[in-house]
Amino acid sequence: MSIGRLNHIGVATPSIEKSVEMYVNLLGATKVHEPFDLPPQGVRVCFVDTPNSQIELIEPLGENSPILKYLEKNPQGGQHHVCFEVPDIHAAKAEMEAKGAKVLGEPRIGAHGTPVIFVHPKDMGGVLVELMEVPKEVSH
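Residues numbered from 1 in each chain as written. Predicted model: local features only at pLDDT ≥ 70, side-chain atom pairs only at ≥ 80, totals over all residues. Heavy atoms only, no water.

1. Regarding the overall build of the chain
In terms of regular secondary structure, the chain is built from three helices and eight strands. Expected size for 140 residues packed as a compact globule is a radius of gyration near 14 Å; at 15 Å, the chain falls within 12% of this value. With the principal axes as the frame, the chain shows a C-alpha extent of 45 × 35 × 25 Å. With 140 residues in all, the chain has 44% of them scored as buried. Residue pairs in contact within the chain that sit at least 24 positions apart in sequence constitute 53% of those at least 6 positions apart. On the chain, roughly 8000 Å² of surface is accessible, and the fraction owed to carbon and sulfur atoms is 56%. (Helix = DSSP H or I, 4+ residues; strand = E, 2+ residues; numbered from the N terminus. Rg over C-alpha atoms; globule rule 2.2 N^0.38 Å. Buried < 20%, exposed > 50% of the residue type's maximum accessible area, 1.4 Å probe, protein only. Contact = heavy atoms within 4.5 Å. Areas by Shrake-Rupley, 256 points an atom, 1.4 Å probe, with all protein chains shown as cover.)

2. Quick look at the pairing of strand β1 (residues 6-12)
Among the seven residues in β1, five count as buried, and that is most of the element. The sheet contact formed by β1 and strand β4 (residues 54-60) spans five bridges and is parallel. Within the sheet, the bridge partner assigned to valine 11 lies in β4 and is leucine 57. (Pairing = 2+ DSSP bridges.)

3. Re the environment of glutamine 54
Summarising the element assignment, glutamine 54 is placed in strand β4. A residue is classified by how much of its surface remains accessible, and glutamine 54, at 15% relative accessible area, is buried. For glutamine 54 and histidine 8, which are 46 residues apart along the polypeptide, the C-alpha to C-alpha distance reads 4.6 Å. With residues near it in sequence (within four places) discarded, glutamine 54 still touches Asn7, His8, Ile9, His33, Phe47, Val48, Asp49 and His112.

4. Quick look at the nonpolar core
Ranked by size, the top nonpolar core spans twelve residues in total: Val82, Phe84, Val86, Ile89, Ala92, Met96, Ala101, Val103, Ile117, Val119, Val129 and Leu131. Secondary-structure elements contributing two or more residues to this core are β5 (78-86), α3 (89-98), β7 (115-119) and β8 (129-133). Apart from the residues within four sequence positions on either side, alanine 101 is in contact with Met96, Val119 and Asp123. (Core = buried A, V, L, I, M, F, W, Y, C linked by side-chain atoms within 4.5 Å.)

5. Quick notes on the sheet that holds strand β3 (residues 43-49)
The mixed open sheet is built from eight strands, whose spatial order is β2-β3-β4-β1-β5-β8-β7-β6. The open sheet has two edge strands, β2 (36-38) and β6 (108-109), and neither has a second partner. As paired elements, β1 and β5 share six bridges and run antiparallel to each other. Its bridge partner being in β5, glycine 10 is matched across the sheet by histidine 81. Across the face of the sheet, helix α1 (residues 16-27) comes into contact with β1, β3 and β4 while running at roughly 155° to β4. (Axes fitted to C-alpha atoms, helices over the stretch in contact; angles between N-to-C directions.)

6. With respect to α1
With twelve residues, α1 should cover 16 Å at 1.5 Å per step; its first-to-last C-alpha distance of 15 Å lies within 8% of that length. Along α1, the residues classified as buried are Ile16, Ser19, Val20 and Tyr23. The arc that holds the buried residues of α1, viewed along the axis, is 105°, so those residues lie on one side. Seen from the buried face of α1, the exposed residues on the opposite side, beyond 90 degrees, are Lys18, Glu21, Asn25 and Leu26. In this structure, the buried residues of α1 make contact with β1, β3 and β4. (Expected span 1.5 Å × (residues − 1). Arc of directions from axis to C-beta.)

7. Quick look at a nonpolar patch on the surface
On the surface, a nonpolar cluster with roughly 350 Å² of combined accessible area is contributed by Met22, Leu26 and Leu27. By secondary structure assignment, the location of leucine 26 is in helix α1. (Patch = residues over 30% accessible without salt bridge, like charges linked within 9 Å, V, L, I, M, F, W, Y side chains within 5 Å. Salt bridge = Lys/Arg side-chain N within 4 Å of Asp/Glu carboxyl O.)

Following this line, the structure appears as structure tokens:
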């Protein structure tokens with residue numbers, strides 16, 4: 001396995017609406033997707049396109065949201081994770097574990113509708129890394 005394309009940077013926020021306003025007004029973002037709920041992940045999500053990637057704004061959805069703990073430590077929000085594409089999520093999981101990295105849970109469907117895994121920050125230089133299987137119909 002080799003590192004794939006940077007798909008997005010996940011940014012935790014207490015308010016998607018306020019964050020969208022900031023990206024549009026301060027940084028001139030022109031393409032903002034409609035926010036949507038992702039109940040299995042416990043988050044509400046909104047993608048902001050950049051010329052070469054996306055920002056994934058993630059807001060807590062419900063009292064069991066994994067983002068709540070992050071926001072308790074970082075009330076204004078902030079960078080939560082980076083996401084790289086991989087051709088096969090199961091092969092990536094097996095390889096990461098074989099190399100001694102801790103994968104958090106089993107593959108699950110992420111915000112782009114494809115399987116994802118997360119690799120523990122302690123094994124990735126302090127950064128939570130999401131690996132996302134590239135949709136079969138997408139090519140870069």
